[in-house]
Amino acid sequence: MTDAALRSAAPGSPAGDDRLSALARFGSRLISAEQHESGAYPASPTFSAYAGYSWFRDGAFIADGMSSYGGVASADRFFDWCAGVLLARRAAIERIVARAEAGDPVPDAEMLATRFTLTGEEGADEWWDFQLDGYGTWLWAVAEHSARHGLDAGRWREAIELTVDYLLSSWQRPCFDWWEENAEQVHVSTLGCISAGLRAVAELGVLDAVRRADAETAVAAIQSLIEEAGTVDGHLAKWLGSTEVDASLLALISPLGVVPAESELGRRTVDVIDRDLNVGSGVHRYLADSYYGGGQWPLLSCFLGLARLAQGDRAAAQAALLWAASTAGDDGSLPEQVAEHLLAPDRVAEWVERWGEVADPLLWSHGMFLRLAVDLGVVAPMAAADRTAGER
Ligand code: BGC
């Protein structure tokens, strides 16, 4: 799929929608094909630093994309993998909770990892571990999935309970953010993911009364903290006390719904991110980004599209989907980022030398594309017959 072909095919026109729906279907097939028999989604099957690992963050959004497209069994299997990872760490989680309750929290190195091997181990490679957002996001995604398809979430109850206990004990802690940076800060997007997850499982009805009440109390406390310390000039801030924005904040507007899309805070946040980080519908992570030169990320364009769609701006959402599609390679694969409008062009070489070319495909990019394409009606969710026939 070439840029020129895509750009000449407007969404809303039959030709444009055909191309976009073909790309969405390609993404679903790729995600299905790459899903490990354990249920894990590899972040990128080919990229040196990610191959062999699955992240709760990436995976939760990939599962959400698959679920919204009707890929019920694929999402089920990913959540089974998450549950397996958590249940295998019951003793560690109980210890983390007990130490937090005793006022003697464990050090960061003893908190749960951020990513696991496809078979659910920590793996031998060093990583920027201790990130809380993915544990909130999986709760949100499993609850969304269960509600969307009328499933009994009892299948994941124990793992959900463990995650709730873990987050209730530790949500205030500083940790690495979505981009695995700034471990000394409390990140507003991380808080939002935790709040969305706790709220979603509280509403789902899988929690006992005590956990449910505790989760609701934490959600209210997180919302107040965000409003009091996580905003600046009327918009969400990158971390508590920061004056910057970060494109990960878009997720709090949609799909996580932590900040109402039409509220002043929601509007101003999306507008400022649009102003500071969006160039022609290609979205940067944050202004000081230098990872692979700080290019534009198709998955973030899809988050912008979801936020704009939630505000009723269909044209902006379509433009975002179209831009994301324009980053596809000839084989249809979507990368992590493209080297367009680089913020730090002199920093590309050091990353290429360290880890090789940019991750491509990145399954999270395909998952976000799928979700936005479904929400825009560019691709229809699979019929039940196709789901059982291998979800292709
Ligand atoms: C990104 C993370 C992501 C990981 C795997 C990192 O470069 O910063 O957000 O989870 O890649 O895709």
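Cut-off values and rules
Residues numbered from 1 in each chain as written. Predicted model: local features only at pLDDT ≥ 70, side-chain atom pairs only at ≥ 80, totals over all residues. Heavy atoms only, no water. Core = buried A, V, L, I, M, F, W, Y, C linked by side-chain atoms within 4.5 Å. Buried < 20%, exposed > 50% of the residue type's maximum accessible area, 1.4 Å probe, protein only. Domains from an automatic or database assignment. Contact = heavy atoms within 4.5 Å. Near = heavy atom within 4 Å. Polar contact = N/O pair within 3.5 Å; in protein donor to acceptor, adjacent residues only side chain to side chain. Areas by Shrake-Rupley, 256 points an atom, 1.4 Å probe, with all protein chains shown as cover. 1 Å grid on protein atoms, 1.4 Å probe; cavity = no way out; pocket = protein on both sides within 12 Å on 5 of 7 lines; lining within 4 Å. Sits in = over half its atoms within 2 Å of the grid points. Nonpolar A, V, L, I, M, F, W, Y, C, P; charged D, E, K, R; others polar. Points joined across faces, edges and corners; volume = space filled by probe spheres on them. Helix = DSSP H or I, 4+ residues; strand = E, 2+ residues; numbered from the N terminus. Axes fitted to C-alpha atoms, helices over the stretch in contact; angles between N-to-C directions. Parallel < 35°, antiparallel > 145°, perpendicular 65-115°, else oblique. Left-handed = near helix turned anticlockwise from the far one by under 90°.

Draft legend 1. Focus on the nonpolar core. One finds Trp-138 and Phe-369 to be the most contacted residues of the largest nonpolar core, which totals 128 residues. Counting contributing residues per domain, this core is built from domain 1 (1–33 + 272–392) and domain 2 (35–229), each supplying no fewer than three. Discounting chain neighbours no more than four positions away, the residues touching Trp-138 are Phe-56, Ala-60, Phe-79, Cys-82, Leu-86, Trp-156, Ala-159, Ile-160 and Thr-163.

Draft legend 2. Up close: the site of the ligand. What surrounds the ligand is a group of 13 residues, the closest being Tyr-50, Arg-57, Asp-58, Trp-178 and Glu-336. At 2.4 Å from an oxygen atom of the ligand is found a side-chain nitrogen or oxygen belonging to Tyr-50. Asp-58 places a polar side-chain atom, nitrogen or oxygen, 2.6 Å from an oxygen atom of the ligand. Protein contacts shield 97% of the accessible area of the ligand, which totals 310 Å² for the unbound molecule. Taken atom by atom, the bulk of the ligand overlaps the largest pocket. When the residues that make up the shell around the ligand are grouped by side-chain class, the tally is 8 nonpolar, no polar and 5 charged. Viewed by domain, the shell around the ligand spans two of them, domain 1 (1–33 + 272–392) and domain 2 (35–229), each represented by three or more residues.

Draft legend 3. Broad picture of empty space enclosed by the protein. Counting across every chain of the model gives 1 cavity of 30 Å³ or more. Every residue along the wall of the largest cavity is listed here: Phe-56, Arg-57, Ala-113, Thr-114, Gln-131, Asp-133, Gly-134 and Tyr-135. The greatest single-element share of the lining of the largest cavity, amounting to 3 residues, is contributed by helix 6 (residues 133–149). Split into classes, the residues belonging to the lining of the largest cavity amount to 3 nonpolar, 3 polar and 2 charged.

Draft legend 4. View of the packing of helix 12 (residues 298–310) against helix 15 (residues 363–376). Orientation of helix 12 relative to helix 15, taken along the N-to-C sense of each, is 25°, at an axis distance of 8 Å. By the criterion of interaxial angle, the relationship of helix 12 to helix 15 is roughly parallel. As for the relative orientation of helix 12 and helix 15, their crossing is left-handed in sense. Judged by residue contacts, Pro-298, Leu-299, Cys-302, Phe-303, Gly-305, Leu-306 and Leu-309 of helix 12 engage Trp-364, Ser-365, Met-368, Phe-369, Arg-371, Leu-372, Asp-375 and Leu-376 from helix 15. Considering only residue class, the contact of helix 12 with helix 15 consists of 11 nonpolar, 2 polar and 2 charged.

Draft legend 5. Quick peek at the packing of helix 13 (residues 314–326) against helix 15. Here helix 13 crosses helix 15 at 145°, and the two axes come no closer than 10 Å. The element helix 13 and its partner helix 15 pack so that their crossing is left-handed. On the side of helix 13, the interface is formed by Arg-314, Ala-317, Gln-318, Leu-321, Ala-324 and Ala-325, while helix 15 contributes Phe-369, Leu-372, Ala-373 and Leu-376. Split into classes, the residues belonging to the contact of helix 13 with helix 15 amount to 8 nonpolar, 1 polar and 1 charged.

Draft legend 6. The arrangement of unusual backbone geometry in detail. The residue after Ser-254, namely Pro-255, is reached through a cis peptide bond having omega 10°. Its place among the elements puts Pro-255 in the loop between helix 10 (250–253) and helix 11 (264–277). The omega torsion across Asp-360 and Pro-361 is 5°, close enough to zero to call that bond cis. Secondary-structure assignment places Pro-361 in the loop between helix 14 (348–355) and helix 15. One non-glycine residue, Glu-180, lies in the positive phi region at around 65°. Along the chain, the position of Glu-180 falls in the loop between helix 7 (157–170) and helix 8 (188–204).

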